[in-house]
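In case you want the letters, here they are:
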Amino acid sequence: MAINMLTSIILYVFGFIGFMVGGLILLIIAMISRKLMFQYIYYFCHTLMFCMGVKINIKGKFPNKKGQFVIMSNHGSFIDVFVVPPSIQGKFTAISAAKNFKIPLFGSLLKKIKAVPIIRENKEAAMQSIKLAEKVIHKDKYHMVILPEGTRTLDGKLQKFKKGGFHMAINTQTPILLIVHRGTYLYKPKNRWRLSPRTIDVIIGPTIETDGYDANNIHELIDKTWNEMNNLLK
């Protein structure tokens, strides 16, 4: 236990340094070229996770299909936002909790990738965020990453999905791409501060077309997506 606590403290320190240095470099690159920024994110995430005792192992290939995806992933730990991006090709952004935009440097990085803030506790505000995300998909041609569970799991199991991301996918007629990860919950669950260094498998799963779905049968799309994601996690 004592060794694990010491290891965790060291990894947090290395992670903080890696995030500050890498994040500042990312901001500078973003000012020069948005295209280079997205290329650098791959190395930034891998390096940061290495500093924190995590090796990212990507399985599968990102689809060659033209157009955008609503990328959905499971939510097991705070590191989810760093293990998923390296598997994405092209421009992407995400829907993120509004409180994250107040975090020094991290908030600035979210703004640089045009992330959309959301307050899930306020239904009307959340709907407006979804509308804004739809514009980003159409106008800016970005993939949109969303964690449909809304919050981190407390037991490692896949939770019930919220509807917002599915309305967005249907309204924009954008296919859903599943990218899941195994091991982030074991590395650092929400209710434990200690870290457990490990390899995190990131699996690029199937795409789910949204044709034929609307508000009347959205639950069918949600159930299908949940089942597909849960199967990938087994």
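Please refer to the structure placed before this passage.
The following refers to the structure shown.

Conventions we followed
Residues numbered from 1 in each chain as written. Predicted model: local features only at pLDDT ≥ 70, side-chain atom pairs only at ≥ 80, totals over all residues. Heavy atoms only, no water. Helix = DSSP H or I, 4+ residues; strand = E, 2+ residues; numbered from the N terminus. Rg over C-alpha atoms; globule rule 2.2 N^0.38 Å. Contact = heavy atoms within 4.5 Å. Areas by Shrake-Rupley, 256 points an atom, 1.4 Å probe, with all protein chains shown as cover. Lys, Arg positive; Asp, Glu negative; His and termini not counted. Charge placed at Lys NZ, Arg CZ, Asp CG, Glu CD. Patch = residues over 30% accessible without salt bridge, like charges linked within 9 Å, V, L, I, M, F, W, Y side chains within 5 Å. Salt bridge = Lys/Arg side-chain N within 4 Å of Asp/Glu carboxyl O. Buried < 20%, exposed > 50% of the residue type's maximum accessible area, 1.4 Å probe, protein only. Polar contact = N/O pair within 3.5 Å; in protein donor to acceptor, adjacent residues only side chain to side chain. Core = buried A, V, L, I, M, F, W, Y, C linked by side-chain atoms within 4.5 Å. Axes fitted to C-alpha atoms, helices over the stretch in contact; angles between N-to-C directions. Parallel < 35°, antiparallel > 145°, perpendicular 65-115°, else oblique. Left-handed = near helix turned anticlockwise from the far one by under 90°. Nonpolar A, V, L, I, M, F, W, Y, C, P; charged D, E, K, R; others polar.

1. Details of the overall build of the protein
Now for step 1: What the protein contains, in helices and strands, is 8 helices and 7 strands.
Now for step 2: A compact globule built from 234 residues should have a C-alpha radius of gyration of about 17 Å, and the protein, at 17 Å, falls within 12% of that.
Now for step 3: In terms of principal-axis extent, the alpha carbons of the protein reach across some 55 × 40 × 35 Å.
Now for step 4: Restricting to contacts in the protein with at least 6 residues of sequence separation, those with at least 24 account for 74%.
Now for step 5: Here the protein displays about 12300 Å² of accessible surface, and carbon together with sulfur accounts for 60% of that area.
Now for step 6: Charge centroids of the protein, computed over 32 positive and 14 negative side chains, lie 9 Å from each other.

2. A look at a positive patch on the surface
Now for step 1: There is a patch of like positive charges on the surface, built from Arg120, Lys123, Lys160, Lys162 and Lys163.
Now for step 2: Tracing the sequence through the fold places lysine 123 in helix 5 (residues 123-140).
Now for step 3: With relative accessibility at 66%, the residue lysine 123 sits in the exposed group.

3. So, the side chain of threonine 93
Now for step 1: As for its placement among the helices and strands, threonine 93 is situated in strand 3 (residues 92-97).
Now for step 2: Within the local environment of threonine 93, its side chain forms a polar contact with the backbone oxygen of isoleucine 113, the two atoms lying 2.7 Å apart.
Now for step 3: Other than its neighbours up to four places away in sequence, threonine 93 contacts Ile113, Lys114, Ala115, Val136, Tyr142, His143, Met144 and Val145.

4. Digging into the nonpolar core
Now for step 1: Ranked by internal contacts, the top residues of the largest apolar core, which has 72 residues, are Met49, Ile95, Ile176 and Ile179.
Now for step 2: Broken down by element, the residue count for this core peaks at 8 residues, all from helix 2 (residues 34-51).
Now for step 3: In this structure, isoleucine 179 is in contact with Phe62, Ile71, Met72, Ser73, Asn74, Val84, Ser87, Ile88, Val202, Ile203 and Ile204, ignoring residues within four places of it in sequence.

5. Considering the environment of phenylalanine 106
Now for step 1: Inspection of the secondary structure assignment puts phenylalanine 106 in helix 4 (residues 106-112).
Now for step 2: Looking at phenylalanine 106, the relative accessible area reads 15%, which means it is buried.
Now for step 3: C-alpha of phenylalanine 106 to C-alpha of glycine 23: the two residues are 83 residues apart in sequence and 7.7 Å apart in space.

6. Brief notes about the packing of helix 5 against helix 6 (residues 164-172)
Now for step 1: Helix 6 packs onto helix 5 with a crossing angle of 40° between their chain directions and a minimal axis gap of 10 Å. The pairing of helix 5 with helix 6 is recorded here as oblique in orientation. Classified by chirality, the crossing of helix 6 by helix 5 is right-handed. For the pair formed by helix 5 and helix 6, the contact residues are Ile130, Lys131, Ala133, Glu134, Ile137 and His138 on the first element and Gly164, Gly165, His167, Met168, Asn171 and Thr172 on the second.
Now for step 2: Residues of the contact of helix 5 with helix 6, tallied by class, amount to 4 nonpolar, 6 polar and 2 charged.

7. A word on the pattern of salt bridges
Now for step 1: Under the criterion given, the structure shown has 3 salt bridges.
Now for step 2: Note that glutamate 209 is salt-bridged to lysine 65, the shortest N-O span being 3.1 Å. Of this pair, glutamate 209 sits in the loop between strand 7 (198-208) and helix 8 (218-232) while lysine 65 sits in the loop between strand 1 (54-59) and strand 2 (70-72), and the two are 144 residues apart along the sequence.
Now for step 3: Classification of lysine 65 by relative accessible area gives partly exposed; the value is 44%.
Now for step 4: A salt bridge links aspartate 140 to lysine 114, with the shortest nitrogen-to-oxygen separation between them at 3.3 Å. One end of the pair, aspartate 140, is in helix 5; the other, lysine 114, is in the loop between helix 4 and strand 4 (116-118), with 26 residues separating them in the sequence.
Now for step 5: Since its relative accessible area comes to 18%, aspartate 140 is described here as buried.
Now for step 6: Overall, lysine 114 belongs to the partly exposed group, its relative accessible area being 32%.

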